[in-house]
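# Structural overview
Each chain, written out:
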Amino acid sequence: MAQRDMVSAAVLRDLAAEIFEVNPDDITEAAAFYEDLGIDSVQKVEFVVRIERQLGVRLTDEEAAGLQDFGDTLAVLRDRGISVGP
């Protein structure tokens, strides 16, 4: 799949909520994955893999490890040239 130029933050939030098994409203840009949302490392890896597949990007190990909250995820995608809308 080719890289998309635009993705909705709401779609990414819903994806995270599905994988993390939490309410989408709980996923704010500042909500820490481990501390606030209570996810485990397997859920984080699944989230990264699903983002990569849906957007046609490949995050480096450093980028993936650095994702501590939803805001980090949006920032990495923006750094990769993907426009993240509402």
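To start, this report covers the structure provided alongside it. (Residues numbered from 1 in each chain as written. Predicted model: local features only at pLDDT ≥ 70, side-chain atom pairs only at ≥ 80, totals over all residues. Heavy atoms only, no water.)

## Remarks on the environment of Val49
Note the threshold: By definition, any uninterrupted DSSP run of H or I lasting at least four residues is a helix, any uninterrupted run of E lasting at least two residues is a strand, and each is numbered from the N terminus.
Following the sequence through the fold, Val49 ends up in helix 2 (residues 41–55). Note: C-alpha distance between Val49 and Ala64 (15 residues apart in sequence) is 9.6 Å.

## Examining the nonpolar core
Which entries qualify depends on this criterion: Among buried residues, those of type Ala, Val, Leu, Ile, Met, Phe, Trp, Tyr and Cys that are joined through side-chain atoms within 4.5 Å constitute a nonpolar core. Note on classification: 1.4 Å probe, protein chains only; a residue is buried when its accessible area is under 20% of the maximum for its type, exposed when over 50%, partly exposed between these limits. In what follows, a contact means two residues having at least one pair of non-hydrogen atoms within 4.5 Å.
Of all hydrophobic cores here, the largest spans 27 residues; its most connected members are Phe20, Phe33 and Phe47. Broken down by secondary-structure element, the contributors of at least two residues to this core are helix 1 (9–20), helix 2 and helix 4 (70–79). No other element matches helix 1, which puts seven residues into this core. In this structure Phe33 touches Phe20, Gly38, Ile39, Phe47, Leu67, Gln68, Asp69, Phe70 and Thr73, once residues within four positions along its chain are discounted.

## Digging into the packing of aromatic side chains
Formally: Two rings from Phe, Tyr or Trp (for Trp, the six-membered ring) form a pair when their centres sit within 6.5 Å of each other. Planes less than 30 degrees apart are called stacked, planes more than 60 degrees apart edge-to-face, and all others tilted.
Considering all chains together, one arrives at three aromatic pairs under this definition. Ring geometry for Phe20 and Phe33: centres 5.2 Å apart, planes at 65°, overall edge-to-face. Of the two residues, Phe20 is situated in helix 1 and Phe33 in the loop between helix 1 and helix 2; the sequence distance between them amounts to 13 residues. A residue is classified by how much of its surface remains accessible, and Phe20, at 3% relative accessible area, is buried. Look at Phe33 and you get buried, because its relative accessible area is 0%.

## Here we look at the side chain of Gln43
Assignment of secondary structure puts Gln43 in helix 2. Assessed through its relative accessible area of 14%, Gln43 is described here as buried. Filtering out sequence-adjacent residues up to four positions away, Gln43 remains in contact with Ile19, Phe20, Glu21 and Gly38.

## Quick notes on the packing of helix 1 against helix 4
Two quantities define a packed helix pair, namely the angle between the helix axes and the distance between the axes. The condition is simple: All axes here are fitted lines through C-alpha atoms, helices being fitted over the stretch that makes contact, and every angle between N-to-C directions spans 0 to 180 degrees. Angular relationships are summarised with four words: roughly parallel below 35 degrees, roughly antiparallel beyond 145, roughly perpendicular across 65 to 115, and oblique for the angles in between. For a crossing to be left-handed, the near helix must be turned anticlockwise from the far one by less than a right angle; the clockwise case is right-handed. The classification used treats Ala, Val, Leu, Ile, Met, Phe, Trp, Tyr, Cys and Pro as nonpolar, Asp, Glu, Lys and Arg as charged, and all other residues, Gly among them, as polar.
Between helix 1 and helix 4, the shortest axis-to-axis distance is 11 Å and the interhelical angle comes to 130°. By the criterion of interaxial angle, the relationship of helix 1 to helix 4 is oblique. Once helix 1 is placed against helix 4, the crossing between them reads as right-handed. Listed contacts from helix 4 to Ala9, Leu12 and Arg13 of helix 1 are Phe70, Leu74 and Leu77. Grouping the amino acids of the contact of helix 1 with helix 4 by side-chain chemistry returns five nonpolar, no polar and one charged.

## Some points on the pattern of salt bridges
What counts is decided by this rule: The salt bridge criterion pairs a side-chain nitrogen of Lys or Arg with a carboxyl oxygen of Asp or Glu, the two atoms within 4 Å.
Per the counting criterion, the structure on display carries four salt bridges. Arg50 is the salt-bridge partner of Glu18, the closest N and O atoms lying 3.4 Å from each other. Pair noted here: Glu18 is in helix 1 and Arg50 is in helix 2, with a separation of 32 residues, a long-range link. Look at Glu18 and you get exposed, because its relative accessible area is 53%.

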